[in-house]
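Spelled out from the first residue to the last, the chains are:
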Amino acid sequence: MKEKATGFVYGVVRICIQGENKERFVNLCRSSDIYIWDIRDSSDYSLCVSVEDFFRLKPIIKKTAVKTKIQEKYGLPFLIYQYRKRKMFVAGLLTSFAIIYVLSLFIWDMQVDGNYSHSDYEILKFLKENSITPGIKKSKLNCDEIEKEIRNHYFDITWVSVEMTGTRLIVHIKENEEELRQEGGEEPAPVEGVEYDIVAVKDAVVTDIITRSGTPAVKADLEVKAGDTLVYGRYDVVNDSSEVIRTQYLTADADIYGKVVYQYEYTLPLNYVKKEYHESKNRFSFRIGNKIYRLTNNKEEEETDVITEEKQLSLYGDFYLPVFLTKSTYKSYEEKEYIYSEEQAVKLCEEKLSYFLEKLEKNTIQIVENNVTIEVNNDMCQSRGTITVIENIGQLRVAENEPITEMTEETGESYE
């Protein structure tokens, strides 16, 4: 492989050796530091030698009295000689190689892999804010520094690996597998040396509490409001006389489940407009950086939807170029008005409700009561009612060191 690469640049000659001293010819070549390779032994010897060493063979040929015959010549010097009268072609070929080499020094494509809660756009925007964009020179990139910046900015990303392959930069990340709650914000990652309470993130009626560490502040069947303390991140150590000796601070750990009521409402108009599509046309353009060059007339007509597909060009593998081919499909349409029948409208509302309930169940929420009704009035179909579920309502919060209290069953208020 090495001989083919260097041979193409400097030129290679394959010669046939005839005579009785073929072995001596080979030995003298090696003792004279003339590099030969790909020796084929048949009735005559056939071997490869560089153009430079070929002109050094004359004394050895004379000394061994062998005859040589050129069988094949290949490489860049012979290619240039062959096209010596086509100077523009050769210049264009050399310019192409130079452009490819220059392009290989830059990053032209960036991808993010392994992300779930953070979108590709969000990660790439953060890199852009740190001056890392397509078109940046590879020599200016420090993968270790990029990994460190991402870890410091995103606390829920536990592992980062940045690699450059060809002209592509790939950011591999692994996020914390614990799901973020939809309400109440993101649960903070516990910091060593800081005590945390568990508070309610929603209004609910407590159904079950399993405490592993900390002091419970609520009991089952008590109503709590969002922000109420459920489990304190500490406990009092008392002596035989029930006197507090000291207070032990820690991070509260418990599972608190509560009954939560969701208000559900969805309205579907019976009158709707639907697009009836007719013919479609494909038009092409290409983009280099932010500059767009149109290959066809891309004039957008009235009442036309445009679907755009963009593909980045590459020479091979991960050698991407800063050139994007764009295909735009123009689909003309006509808007027509339709009316849902009562049965169709009710079915659509039921499907919408089923999808909402399915999303709740996927979030490990137990549905205990569904009081949603569907009615058709005038030109509307309405789904309205409440959905009662049981779910985990606790979330960590830095302790405020308030006195330990407990809610009463009668009033729901707390006392010291």
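Heads up: the structure comes first, above all this text.
Residues numbered from 1 in each chain as written. Predicted model: local features only at pLDDT ≥ 70, side-chain atom pairs only at ≥ 80, totals over all residues. Heavy atoms only, no water.

A. Summary view of the overall build of the protein chain. Looking only at helices and strands, the protein chain has 9 helices and 24 strands in total. Of all intrachain contacts in the protein chain linking residues separated by at least 6 positions in sequence, the fraction that spans at least 24 positions is 65%. Just so you have it, the protein chain exposes about 27,500 Å², and 49% of that area is on carbon and sulfur atoms. (Helix = DSSP H or I, 4+ residues; strand = E, 2+ residues; numbered from the N terminus. Contact = heavy atoms within 4.5 Å. Areas by Shrake-Rupley, 256 points an atom, 1.4 Å probe, with all protein chains shown as cover.)

B. Structural context of helix 2 (residues 22-31). When helix 2 is considered as a whole, its buried residues turn out to be Lys 22, Phe 25, Val 26, Leu 28 and Cys 29. Each buried residue of helix 2 sits inside an arc of 165° when the element is viewed along its axis, so together they form one side. Structural note: helix 2 exposes Arg 30 and Ser 31 on the side pointing more than 90 degrees away from its buried face. Residues of helix 2 that are buried sit in contact with strand 1 (12-18), strand 2 (36-41), strand 3 (45-50) and helix 4 (58-64). Positioned one or two residues after helix 2, Asp 33 has a phi angle of 60°, which is positive. (Buried < 20%, exposed > 50% of the residue type's maximum accessible area, 1.4 Å probe, protein only. Arc of directions from axis to C-beta.)

C. Quick peek at the environment of Thr 95. Position of Thr 95 relative to the elements: it lies in helix 6 (residues 87-103). The exposure class assigned to Thr 95 is partly exposed, which follows from its relative accessible area of 42%.

D. Structural view of unusual backbone geometry. Even without being glycine, Asp 38 reaches a positive phi, approximately 55°. Following the sequence through the fold, Asp 38 ends up in strand 2. Even without glycine at this site, Asp 221 takes up a positive phi of about 75°. Along the polypeptide, Asp 221 turns up in the loop between strand 10 (215-216) and strand 11 (223-224).

E. Looking closely at the packing of aromatic side chains. Scanning the model with the defined rule gives 9 aromatic pairs in all. When the ring of Phe 126 is compared with that of Tyr 154, the centres are 5.6 Å apart and the planes differ by 75°; the resulting orientation is edge-to-face. Here Phe 126, found in helix 7 (residues 120-129), pairs with Tyr 154, found in the loop between helix 8 (143-153) and strand 6 (157-165); they are 28 residues apart in sequence, far enough to count as distant. The same class applies to Phe 126 as to Tyr 154, namely buried. (Phe/Tyr/Trp six-rings, centres within 6.5 Å; stacked < 30°, edge-to-face > 60°.)

F. Representation of the nonpolar core. Formed by 25 residues in total, the largest nonpolar core has its most connected members in Ile 198, Leu 230, Ile 256 and Ile 387. Where this core is concerned, the elements lending two or more residues are strand 8 (196-200), strand 9 (204-213), strand 12 (229-232), strand 15 (253-269), helix 9 (342-362) and strand 21 (380-392). Here this core takes 5 residues from strand 15, the largest share from any one element. Excluding its chain neighbours within four sequence positions, the residues that come into contact with Ile 387 are Val 260, Val 261, Tyr 262, Tyr 264, Leu 353, Phe 356, Leu 357, Leu 360, Ile 367, Glu 369, Asn 370 and Val 372. Within the second largest apolar cluster, 19 residues are counted, among which are Ile 146, Ile 157, Val 160 and Leu 169. (Core = buried A, V, L, I, M, F, W, Y, C linked by side-chain atoms within 4.5 Å.)

G. Spotlight on the layout of surface pockets. If you add up the space inside the second largest pocket, you get close to 440 Å³. What lines the second largest pocket is a set of 17 residues, among which Met 110, Leu 124, Thr 133, Pro 134 and Phe 324 lie closest to the centre. Where the lining of the second largest pocket is concerned, the elements lending two or more residues are strand 5 (109-113), helix 7 and strand 19 (320-339). Looking at the lining of the second largest pocket, the element that brings in the most residues is helix 7, giving 4 residues. Per-class residue counts for the lining of the second largest pocket are 8 nonpolar, 5 polar and 4 charged. (1 Å grid on protein atoms, 1.4 Å probe; cavity = no way out; pocket = protein on both sides within 12 Å on 5 of 7 lines; lining within 4 Å. Points joined across faces, edges and corners; volume = space filled by probe spheres on them. Nonpolar A, V, L, I, M, F, W, Y, C, P; charged D, E, K, R; others polar.)

H. Molecular detail of the sheet that holds strand 2. If you trace the 4 strands from one edge of the open sheet to the other, you get 2-3-1-4, paired in antiparallel fashion. With one partner strand each, in any of the chains shown, strand 2 and strand 4 (67-74) form the two edges of the open sheet. For this sheet the average axis-to-axis angle between neighbouring strands, irrespective of direction, equals 25°. Pairing between strand 1 and strand 4: 7 bridges, direction antiparallel. Across the sheet, the residue bridging to Arg 14 is Glu 72, located in strand 4. Its contacts with the sheet put helix 2 on strand 1, strand 2 and strand 3, and the angle it makes with strand 3 is roughly 20°. (Pairing = 2+ DSSP bridges. Axes fitted to C-alpha atoms, helices over the stretch in contact; angles between N-to-C directions.)

I. Examining the pattern of salt bridges more closely. This structure, assessed with the given rule, holds 13 salt bridges. Between Asp 253 and Arg 212 there is a salt bridge whose closest N-O contact spans 3.1 Å. Here Arg 212 lies in strand 9 and Asp 253 lies in strand 15, a separation of 41 residues in the sequence. By relative accessible area, Asp 253 is classed as partly exposed at 34%. Notably, a salt bridge pairs Arg 384 with Glu 265, separated by 3.6 Å at the nearest N-O pair. (Salt bridge = Lys/Arg side-chain N within 4 Å of Asp/Glu carboxyl O.)

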